[in-house]
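# Examination of the molecular architecture
What follows is each chain in one-letter form.
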Amino acid sequence: MAVTFASGLDPARFEPILCATREVAAPSFAAELEAAGVRVLSLKRRSKWALWAWWPLIALLRREEVDVLHAHKFGSNVWGTLIGRLARVPVVLAHEQSWASARFSAAGPRFRSFIDRELIGRCSDLFFAVSRADRRRMVDVERVNPRRICVMPNAVPHSSPSGHDVRAELGIQKAAPVVVTVCQLRPEKALDLLVEATEEVRASFPDVHVLIAGDGPEEEQLRDQITASGLGDTVLLLGTRLDVPDLLIAADIAVCCSDFEGTPLSVMEYMAAGKPVVATRVGGLPEMIEHAVHGLLVERRDASGLARALRELIGDRARARAMGARGRDRQQREFDLDTTIRNLEELYEMLYLHSDRGQRENWRPLPRTSATTSA
């Protein structure tokens, strides 16, 4: 999202710089940033204790009198808030992508709650949550000042398939039901539940295929589970795919069975592709997928419930397609990237307008052209 925001800002109104605290790992990100004219500062920190590595950012903030510092995720929120205030940046924003991840952090939930409340919540101008559920928990559990929290769901750009036939590549018959999930293979994605559910689904639909795209630390364990379950021809681990739109074209149903989520970009991509979504009832997912309207919701860690939902949609293709069409309409209305970026631009300008520096300079935003007017 940081790359997407920086690349999408109106160059007539903003001069974006992206600071990668460790490294811009993906070549596609570097190419996207270069094409959009975004400068990149890479701190290449090797450890969270490498405090000296922050100096180039501090120097840049002071030298160029940066007006807005927008940090993303817990570690950068902490240091961004501290450094932004020390460097006297007029507007400092913090952005949490999934509040629930605090419960699973090595630092522990109490420490994170304290930092969110006493440092980030007090010292930043706004603290973004990606769902109303995350905002409620930040207020009720962490006791962050609700006036400092702004809900801004994630959004995805429009992407077009290349025309590559994924079914043909994988040897899947055109009439066979295909289930897909795209994610990093981490424990919280609960992909072991998807494999377990697939055993039940295959009993009713022997030709079903489940495609898992992504890589991560759980790959070996998942591969062992698939082999032990005799699902080697049914559940396919595809690794990282650069043709996700083509992958979604090949699928009938998309799944997000995570233990916790914010507003995942993958689910927005499923909706944009017109796929019905089976998702766990956690985090911001119920705000995206209305049960029996855009897909089906199941309880966390309920493999049998997940299997029932998949069988229900596989068994009624017309109903599944109707859910997918409604999901696409909703994504275009509510999770459109251009609208989100225009709203973010207006927020940057409003906060700077009321900052001390903005007041001293008697600064006023440029008039918007029709091409950059918010919907």
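In this text the structure is predicted, and so the values were computed from the model without any measurement.

Definitions and limits used
Residues numbered from 1 in each chain as written. Predicted model: local features only at pLDDT ≥ 70, side-chain atom pairs only at ≥ 80, totals over all residues. Heavy atoms only, no water. Helix = DSSP H or I, 4+ residues; strand = E, 2+ residues; numbered from the N terminus. Rg over C-alpha atoms; globule rule 2.2 N^0.38 Å. Buried < 20%, exposed > 50% of the residue type's maximum accessible area, 1.4 Å probe, protein only. Contact = heavy atoms within 4.5 Å. Areas by Shrake-Rupley, 256 points an atom, 1.4 Å probe, with all protein chains shown as cover. Pairing = 2+ DSSP bridges. Axes fitted to C-alpha atoms, helices over the stretch in contact; angles between N-to-C directions. 1 Å grid on protein atoms, 1.4 Å probe; cavity = no way out; pocket = protein on both sides within 12 Å on 5 of 7 lines; lining within 4 Å. Points joined across faces, edges and corners; volume = space filled by probe spheres on them. Nonpolar A, V, L, I, M, F, W, Y, C, P; charged D, E, K, R; others polar. Salt bridge = Lys/Arg side-chain N within 4 Å of Asp/Glu carboxyl O. Parallel < 35°, antiparallel > 145°, perpendicular 65-115°, else oblique. pLDDT = per-residue confidence, 0-100.

### Section: the overall build of the protein chain
In terms of regular secondary structure, the protein chain is built from 16 helices and 12 strands. Rg of the C-alpha trace for the protein chain: 22 Å, near the compact-globule value of 21 Å for 375 residues, within the 12% margin. Projected onto its principal axes, the C-alpha positions of the protein chain cover 70 × 45 × 35 Å. The burial tally for the protein chain puts 52% of its 375 residues in the buried class. In the protein chain, of all internal contacts separated by at least 6 residues, the share reaching a separation of at least 24 is 66%. When the accessible surface of the protein chain is summed, it comes to about 18,300 Å², and 52% of that surface belongs to carbon and sulfur atoms.

### Considerations on the sheet that holds strand β11 (residues 277-280)
Taken in spatial order, the 6 strands line up as β9-β8-β7-β10-β11-β12 in an open sheet, and their pairing is parallel. Unpaired on one side and paired on the other, β9 (235-239) and β12 (295-298) mark the two borders of the sheet. Looking at each pair of strands side by side, their axes are set apart by 20 degrees on average, direction ignored. For strand β10 (residues 253-256) and β11, the ladder comprises 3 bridges, and the chain directions are parallel. The partner of C256 across the bridge, within β11, is A279.

### Observations concerning empty space enclosed by the protein
Evaluated as defined, the whole model comprises 1 cavity of 30 Å³ or more. Reported here for the largest cavity is a volume of approximately 50 Å³. Around the largest cavity sit A190, L193, C257, D259, T280, V298, E299, R301, D302, A303 and L306, which together line it.

### Section: the layout of surface pockets
Estimates place the volume of the second largest pocket at around 260 Å³. Lining of the second largest pocket is provided by 14 residues; of these, R88, V89, P90, R357 and R360 occupy positions nearest its centre. Elements with a minimum of two residues in the lining of the second largest pocket: α3 (55-63), α4 (74-86) and α16 (356-360). With 3 residues, the single largest contributor to the lining of the second largest pocket is α16. Of the residues that constitute the lining of the second largest pocket, the class distribution is 4 nonpolar, 2 polar and 8 charged.

### Focus on the pairing of strand β7 (residues 178-182)
Counting buried residues in β7 gives 5 out of 5 residues, a clear majority hidden from the surface. Side-chain alternation along β7 places V178, V180 and V182 on one buried face and V179 and T181 on a second face that is also buried. When β7 meets strand β8 (residues 209-213), the two strands line up parallel, connected through 5 bridges. Of the residues in β8, the one forming a bridge with V182 is A213. By the bridge criterion, 2 bridges tie β7 to β10 in an arrangement that is parallel. If you follow V179 over to β10, its bridge partner there is I253.

### With respect to the pattern of salt bridges
Tallying each qualifying case throughout the model produces 26 salt bridges. In this structure, R39 and E15 form a salt bridge, with 2.8 Å as the shortest nitrogen-oxygen distance. Of the two residues, R39 sits in strand β2 (residues 39-42) while E15 sits in the loop between α1 (2-8) and β1 (17-20), which places them 24 residues apart along the sequence. For R39, a relative accessible area of 33% translates into the label partly exposed. Here R63 ties to E64 by a salt bridge, and the two come within 3.9 Å at their closest N and O atoms. Put simply, E15, R39, R63 and E64 are held in one network by salt bridges that share partners.

### Description of helix α11 (residues 265-272)
Every buried residue of α11 is listed here: S266, V267, M268, Y270 and M271. On its buried face, α11 is in contact with β7, α10 (244-250), β10, β11, α12 (285-288) and α14 (317-334). With its phi angle positive at about 75 degrees, G274 sits one or two positions after the end of α11.

### Topic: the environment of I226
Its location among the elements puts I226 in helix α9 (residues 219-228). Taking the C-alpha atoms as reference, I226 lies 9.5 Å from L237; in sequence the two are 11 residues apart. Ignoring any residue separated from it by four or fewer positions in sequence, one finds I226 in contact with V195, L231, G232, V235 and L237.

### Here we look at the packing of helix α8 (residues 191-204) against α9
Two elements in contact, α8 and α9, have axes whose closest approach is 10 Å; the angle formed by their N-to-C orientations is 10 degrees. Between α8 and α9, the crossing angle belongs to the class labelled roughly parallel. For the pair α8 and α9, the contacting residues are L191, D192, V195 and E196 in the first and L222, Q225 and I226 in the second.

### Considering the confidence of the model for the protein chain
With 94% of its residues at a pLDDT of at least 70, the protein chain reaches an overall mean of 91. The low-confidence segment residues 101-107, where pLDDT is below 50, has 10 contacts with residues more than four positions distant or belonging to other chains. Within the model, pLDDT remains below 50 along residues 369-375, and this stretch shows 7 contacts once partners closer than five positions in the same chain are excluded.

### What to know about the sheet that holds strand β3 (residues 68-72)
Strand order in this open sheet of 4 strands is β3-β4-β5-β6, and the pairing throughout is parallel. In this open sheet, the two strands that pair with only one neighbour each are β3 and β6 (149-151). Averaged over all pairs of adjacent strands, the angle between strand axes in this sheet comes to 25 degrees, irrespective of strand direction. Strand contacts of helix α6 (residues 132-140): β5 (126-129) and β6, with the helix running at about 165 degrees to β6, the strand carrying the most contacts.

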